Every structure is written in structure tokens, then in C-alpha cells.
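# Reading the structure
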Amino acid sequence: MHVKSTLYGWLIIIGCYLVGEFFVLVTDLPLPGALIGLLLLLSGLLLRQRPAVTVGRGAQPLLTHMSVLFVPAVIGVGLFWAEVSENALGIALALVATTIVALGFTAWFAQRLMKAKRPN
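Here's a quick rundown of the structure. (Residues numbered from 1 in each chain as written. Predicted model: local features only at pLDDT ≥ 70, side-chain atom pairs only at ≥ 80, totals over all residues. Heavy atoms only, no water.)

### Quick look at the overall build of the protein
Counting its regular elements, the protein contains 6 helices and 0 strands. When the helices and strands of the protein are placed in sequence order, the string is α-α-α-α-α-α. The C-alpha atoms of the protein give a radius of gyration of 18 Å, which is well past the 14 Å a tight globule of 120 residues would have. Split into buried and exposed, the 120 residues of the protein put 12% on the buried side. Considering only contacts within the protein whose residues lie at least 6 apart along the sequence, 48% involve residues at least 24 apart. Looking at charge distribution, the protein has the averaged site of its 8 positive side-chain charges lying 36 Å from that of its 4 negative ones. (Helix = DSSP H or I, 4+ residues; strand = E, 2+ residues; numbered from the N terminus. Rg over C-alpha atoms; globule rule 2.2 N^0.38 Å. Buried < 20%, exposed > 50% of the residue type's maximum accessible area, 1.4 Å probe, protein only. Contact = heavy atoms within 4.5 Å. Lys, Arg positive; Asp, Glu negative; His and termini not counted. Charge placed at Lys NZ, Arg CZ, Asp CG, Glu CD.)

### Topic: the packing of helix α1 (residues 2–27) against helix α3 (residues 53–64)
Taken N-terminus to C-terminus, the directions of α1 and α3 make an angle of 85°; their axes are 7 Å apart at the nearest point. The angle between α1 and α3 falls in the class roughly perpendicular. Taken together, the residues of α3 that come into contact with α1 (itself represented by H2, S5, T6, Y8, G9, W10, I12 and I13) are T54, V55, R57, G58, A59 and L62. When the residues that make up the contact of α1 with α3 are grouped by side-chain class, the tally is 7 nonpolar, 6 polar and 1 charged. (Axes fitted to C-alpha atoms, helices over the stretch in contact; angles between N-to-C directions. Parallel < 35°, antiparallel > 145°, perpendicular 65-115°, else oblique. Nonpolar A, V, L, I, M, F, W, Y, C, P; charged D, E, K, R; others polar.)

### Points about the layout of surface pockets
When its volume is computed, the largest pocket comes out at roughly 480 Å³. I13, A34, G37, L38 and L41 are the residues nearest the centre of the largest pocket, which is lined by 17 residues in total. Listing elements by their share of the lining of the largest pocket, those giving two or more residues are α1, α2 (33–48) and α3. The leading source of residues in the lining of the largest pocket is α2, at 8 residues. Taken as a whole, the second largest pocket encloses approximately 170 Å³ of empty space. (1 Å grid on protein atoms, 1.4 Å probe; cavity = no way out; pocket = protein on both sides within 12 Å on 5 of 7 lines; lining within 4 Å. Points joined across faces, edges and corners; volume = space filled by probe spheres on them.)

### Remarks on the packing of α1 against α2
The contact between α1 and α2 brings their axes to 7 Å, and the two run at 130°. Taken together, α1 and α2 sit at an angle that is classed as oblique. Where α1 crosses over α2, the two elements pack in a sense that is right-handed. Here α1 contributes I12, I13, C16, Y17, V19, G20, E21, F23 and V24 to the contact with α2, which in turn contributes G33, A34, I36, G37, L40 and L41. For the contact of α1 with α2, the per-class residue count stands at 11 nonpolar, 3 polar and 1 charged. (Left-handed = near helix turned anticlockwise from the far one by under 90°.)

### A closer look at the packing of aromatic side chains
Under the defined criterion, the tally for this structure stands at 2 aromatic pairs. Plain terms: the ring middles of F105 and F109 are 6.0 Å apart, the flat faces sit at 15° to each other, and that makes the pair stacked. You can see F105 and its partner F109 sitting in helix α6 (residues 88–117), 4 residues apart, about one turn around the helix. Classification of F109 as partly exposed rests on a relative accessible area of 37%. (Phe/Tyr/Trp six-rings, centres within 6.5 Å; stacked < 30°, edge-to-face > 60°.)

So yeah, pure geometry; function would need other evidence.
Below is the structure:
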């Protein structure tokens, strides 16, 4: 039974990804299709307002082997080390700034969610 649920969850994830890619292709948005698909999946999960066990089971194999997904990025840094070292200060500042913004937004959003779920 878990195999069917895992496969169904994986199909939901892949379906959202493909719909996002198609949407970007049709509308010519300057955003990655994967991001649109992720936002679509997030919207569906938020509208559902309960844990999606099937999506969790479908995502588990991907999360288990997530470190493998970073190999191309690490190889890219190695191949373009000259460009990376020339722009090291800008890269470092961008990483710090975006990390601060992302953590701040996540904290703000989490507080809003907790206030909304708190009984009066």
C-alpha cells in the first residue's frame, strides 16, 4: 500500500513541476518553471489544510538522496573557479543578504501562521 501512496505522491510533485514549466513556457515569465511548480504545490498543500501523507511519502526518496543533487553545483564552482574568485566579495554579500532576508521572511511568516492557528 505504501508503494501506491509513494508513487501517487511522486506523481503529484512531478505534475506540479511540469505544470510550472508549461506555465512559464506559455506565458514567457522570467521565472524558473520549477519555482512556479513549487508555489503551485505549496498552494495546494495550504488550501488542503491537513498533512499530505502521499506527498510526504513521494518526497522522501528525493530528500534521502538530496546531497546528490548538489554535485553539479559543486562541479560548476570548480570549473569556473577563476570567475568565482574574481567575484568572491559580491557572492559573499549576496549569500549573506539573501540568507538574512529568507530567514527574516520565514520567521515573520511562521509567526503569522502561529497567530492564525492560536485559539482565541
